[in-house]
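Chain and residue survey
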Amino acid sequence: MTIVNGREVILSVRNLKQYFNEGKKNEVRAINNISFDVYKGETFGLVGESGSGKSTTGRAIIKLSDITSGSIIFKGRDITNIYNRKDSLEFRKSMQMIFQDPYASLNPKMSIMEIIGGALDVHGMYPSRKERNERVYELLDTVGLNREYASRYPREFSGGQCQRVGIARALAVKPDFIIADEAISALDVSIQAQVVNLMKKLKINRKLTYMFIAHDLSMVKYISDRIAVMNAGRILELAASDELYRAPLHPYTESLLSAIPTPYPDEERKRHRIYYDCKYHTYDDETKVKLNEISPEHFVYCHEDEIPFYVKKYNQFNRK
């Protein structure tokens, strides 16, 4: 595997594009030439408003949709053109996804035993039914669900319980990398905290790597090591979690952070909402526009002529 900044890269995305209706008047550039690395053992946050391309990026990486161009290197192997069954099974055993809607992602006609055990059957991981069922019970214990639930159906559970089943299903084949696509957005706030804490615990105990896709910036900060901010199919800023919140450089990042409500009424009344006008960052010539490193491992999407401005802005944060 590749080593960057002394850390092992488990996923490397380069010049990824995902266009819909390409070449037509209604062409949509859902992913517009993005590149980034995910280090082994970290939680990589991907944030942005609805329609920014976050979920499309996750689905492209796990090969739920064909990309327009670019490359995806996972564990040192280019998975962009994997199509045969053997290679696909090997890849999907290493990478799993937790979906946004905990109800829609589970087959209502299948029991929890069948939903979780199905992945084990596809990969032929357990030779006997007894061993396979015992593995399902173990997974239910892991995600905090009673073993008796194995015989029940998704309609009998709450959203939080269904999402725990989704996590158990993702863990079933012992993956190295899990993409959590808005995995908590459909849950109550108290349940969100439980699911996120469970994911953090599993990450440590099972040495997992996460890509955590969400629009809730406060929750992303809590769980992520590094965060990429996405808008209109592009990554506009990428930095360590604490660094991004301490010194947001791109105006779009500032706008997102200013939208986070506070639990204190007096502070909330004084909170100043920053509005982002994308026309100020629409470039006629994009050949000199890319993610530029403003400070160590803090990148901003900008024209090369804008770099001095962002460096000055970053230094101002340091003086505060």
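Residues numbered from 1 in each chain as written. Predicted model: local features only at pLDDT ≥ 70, side-chain atom pairs only at ≥ 80, totals over all residues. Heavy atoms only, no water.

1. Overview of the packing of aromatic side chains
Scanning the entire structure with this criterion turns up 7 aromatic pairs. Between the aromatic rings of Tyr252 and Tyr276, the centroid separation amounts to 5.4 Å while the plane-to-plane angle is 65°, which identifies the pairing as edge-to-face. Placement of the pair is Tyr252 in helix α9 (residues 251-258) and Tyr276 in the loop between α10 (265-270) and β12 (289-295), with a sequence separation of 24 residues. With a relative accessible area of 2%, Tyr252 lands in the buried category. Their ring planes at 70° and their centres at 5.2 Å tell us that Phe309 and Tyr310 sit as a pair that is edge-to-face. Aromatic ring contacts, followed pair by pair, group Phe74, Phe91 and Phe177 into a single cluster. (Phe/Tyr/Trp six-rings, centres within 6.5 Å; stacked < 30°, edge-to-face > 60°. Helix = DSSP H or I, 4+ residues; strand = E, 2+ residues; numbered from the N terminus. Buried < 20%, exposed > 50% of the residue type's maximum accessible area, 1.4 Å probe, protein only.)

2. Focus on the packing of helix α4 (residues 129-142) against helix α6 (residues 189-206)
The N-to-C vectors of α4 and α6 enclose an angle of 125°; their axes lie 12 Å apart at closest approach. Relative to α6, α4 is oriented oblique. Residues Arg135, Glu138 and Thr142 of α4 form the contact with α6, whose participating residues are Leu198, Leu202 and Arg206. Looking at the contact of α4 with α6, its residues break down into 2 nonpolar, 1 polar and 3 charged. (Axes fitted to C-alpha atoms, helices over the stretch in contact; angles between N-to-C directions. Parallel < 35°, antiparallel > 145°, perpendicular 65-115°, else oblique. Contact = heavy atoms within 4.5 Å. Nonpolar A, V, L, I, M, F, W, Y, C, P; charged D, E, K, R; others polar.)

3. Details of α9
With respect to burial, α9 is a largely interior element, 7 of its 8 residues being buried. Residues of α9 that are buried include every one of Pro251, Tyr252, Thr253, Ser255, Leu256, Leu257 and Ser258, and no others. Structurally, α9 contributes buried residues whose contacts are with α7 (217-223), β10 (226-231), β11 (234-240), α8 (241-246) and α11 (307-319).

4. Some words on the packing of helix α3 (residues 112-122) against helix α5 (residues 159-171)
Direction vectors running N to C along α3 and α5 enclose 25°, while the axes themselves pass 8 Å from each other. In this view, α3 runs roughly parallel relative to α5, as classed from their interaxial angle. Taken as a pair, α3 and α5 cross one another with a handedness that is right-handed. Note on element contacts: α5 touches α3 through Val165, Ala168 and Arg169, opposite Ile112, Ile115 and Ile116. Taken together, the residues of the contact of α3 with α5 sort by class into 5 nonpolar, no polar and 1 charged. (Left-handed = near helix turned anticlockwise from the far one by under 90°.)

5. Digging into the sheet that holds β11
Here 8 strands make up an open sheet; going across it, the order is β7-β8-β9-β4-β10-β11-β13-β12 and the pairing mixed. Of all strands in the sheet, those with a lone pairing partner are β7 (95-98) and β12, marking the two edges. Strand-to-strand, the axes of this sheet are offset by a mean angle of 20°, without reference to chain direction. Here β11 runs beside strand β13 (residues 298-303); their pairing, made up of 2 bridges, is antiparallel. By the bridge assignment, Glu237 is partnered in β13 with Val300. The sheet strands contacting helix α1 (residues 54-61) are β4 (43-47), β7, β8 (177-181), β9 (209-214) and β10, and the helix crosses β9 at an angle near 150°. Each of β7 and β8 touches helix α2 (residues 85-94); the most contacted strand, β7, lies at about 55° to it. (Pairing = 2+ DSSP bridges.)

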